[in-house]
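Fold and contact review
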Amino acid sequence: MRVSDSIQQKLTEALKPERLEVTDESHLHAGHAGAREGGQSHFRLLIVASAFEGLTRVARQRMVNDVLREELQGQIHALAMKTLTPEEAAA
């Protein structure tokens, strides 16, 4: 399974997002530390989920990091994320 597929599956199961975009940006980091041949090491996420309601930005990011703990310990070198509630996304 590709890393991006694993990210998609785990976040969907854990957070039940209304919107989830997983973008592999590994090609932008080719030749840099942590970049692997074939990509799948640098990702950008956009997650819109009710699960984030009432949480700070840091708490939301920790929640995502907890879900992706296994991938962050090996396959993912860099992870950028934007975490929004449905109300924030609609604004």
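1. Quick notes on the packing of helix α1 (residues 3-15) against helix α2 (residues 57-67)
Relative to each other, α1 and α2 sit at 120 degrees, their axes nearing to 9 Å. Between α1 and α2, the interaxial angle falls into the category oblique. Here α1 runs over α2; the crossing is right-handed. For the pair α1 and α2, the contacting residues are Lys10, Leu11, Ala14 and Leu15 in the first and Met63, Val64 and Val67 in the second.

2. Here's the deal with α1
Residues three or four positions apart in an α-helix share a direction because the helix packs 3.6 residues into each turn. Compared with the 18 Å implied by 1.5 Å per residue over 13 residues, the 18 Å span of α1 between its first and last C-alpha is a close match. The complete set of buried residues in α1 reads Val3, Ser4, Ser6, Ile7, Leu11 and Leu15. Projected onto a plane normal to the axis of α1, the buried residues spread over an arc of 155 degrees and lie on a single side. Those residues of α1 that are buried lie in contact with β1 (19-24), β2 (42-48), α2 and α3 (69-72). Once α1 finishes, lysine 16 follows within two positions and takes phi at roughly 50 degrees, a positive value.

3. Thoughts on the sheet that holds β1
Spatially, three strands are ordered β1-β2-β3 in an open sheet, and the strand pairing comes out mixed. Since the sheet does not close on itself, it has two edges, and those belong to β1 and β3 (78-84), each with one partner. Between one strand and the next, the sheet's axes are offset by a mean angle of 10 degrees, whatever the strand orientation. Sheet analysis places β1 next to β2, joined by six bridges and oriented antiparallel. By the bridge assignment for β2, glutamate 21 is matched with leucine 46. Each of β1 and β2 is contacted by α1, which is oriented at about 25 degrees to β2, the strand it contacts most. Packing against the sheet, α2 makes contact with β2 and β3, and its axis sits at approximately 125 degrees to β3.

Conventions we followed
Residues numbered from 1 in each chain as written. Predicted model: local features only at pLDDT ≥ 70, side-chain atom pairs only at ≥ 80, totals over all residues. Heavy atoms only, no water. Axes fitted to C-alpha atoms, helices over the stretch in contact; angles between N-to-C directions. Helix = DSSP H or I, 4+ residues; strand = E, 2+ residues; numbered from the N terminus. Parallel < 35°, antiparallel > 145°, perpendicular 65-115°, else oblique. Left-handed = near helix turned anticlockwise from the far one by under 90°. Contact = heavy atoms within 4.5 Å. Expected span 1.5 Å × (residues − 1). Buried < 20%, exposed > 50% of the residue type's maximum accessible area, 1.4 Å probe, protein only. Arc of directions from axis to C-beta. Pairing = 2+ DSSP bridges.

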